[in-house]
Amino acid sequence: FWSQRRVGDFFGKMSAETAAVAPPGGVEAENKAKAAFSAGAVKLLEPVVGEMDARTAKILASQEVLTKQLEAFSAALGQFEGVGTAPHLLQYSEKLNASRRKLHKVDMCVQNTRERMENIQRMHTQLLAFEKSQKERRMAADEGKGKGSAQA
């Protein structure tokens, strides 16, 4: 959903919007404020993401158990198909097939949700790595400026 470019565009727009109300101290203070905001947002969302992930794992486990039970029930019904006409079993067989379809839809939704969560976690890791590299570049540039003025 969020490509690296879109994340950059988002933060670029944030920079442009906040430039007019930049805190005293210039760009460095603004970057510190952004980093603090980012860290706070991560601390706020991390427990929610963890809980969602745990619940998703529980849902997938229960879905697997339910699928096995449905397959066992279907096999038991299959034993009675050749015996004769049993209209009451046909009704249960149809309900079983409908339950299977619903179970498959729920499973797909849970799987899509899990993939989205993994993408969000990956983007968060990339954002942290980007912020770290930016900080290292600034520190290296500051060191270079300090050495250049000491030699002059």
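It should be noted that the structure appears before, not after, this text.
Residues numbered from 1 in each chain as written. Predicted model: local features only at pLDDT ≥ 70, side-chain atom pairs only at ≥ 80, totals over all residues. Heavy atoms only, no water.

This next bit is on the overall build of the protein chain. Broken down by element type, the protein chain carries three helices and zero strands. In the protein chain, the order of α-helices and β-strands from amino to carboxyl end is α-α-α. Put simply, the protein chain has 152 residues, and 9% of those count as buried. For the protein chain, contacts bridging at least 24 residues in sequence account for 66% of all contacts bridging at least 6. Looking at the protein chain as shown, the accessible area adds up to about 12,100 Å², and 61% of this sits on carbon and sulfur atoms. (Helix = DSSP H or I, 4+ residues; strand = E, 2+ residues; numbered from the N terminus. Buried < 20%, exposed > 50% of the residue type's maximum accessible area, 1.4 Å probe, protein only. Contact = heavy atoms within 4.5 Å. Areas by Shrake-Rupley, 256 points an atom, 1.4 Å probe, with all protein chains shown as cover.)

Attention now moves to the side chain of Gln-63. Structurally, Gln-63 can be placed in helix H2 (residues 27–79). Residue classification places Gln-63 among the buried residues on the basis of a relative accessible area of 11%. Setting aside anything within four residues of it in sequence, one finds Gln-63 in contact with Leu-103, Val-106 and Asp-107.

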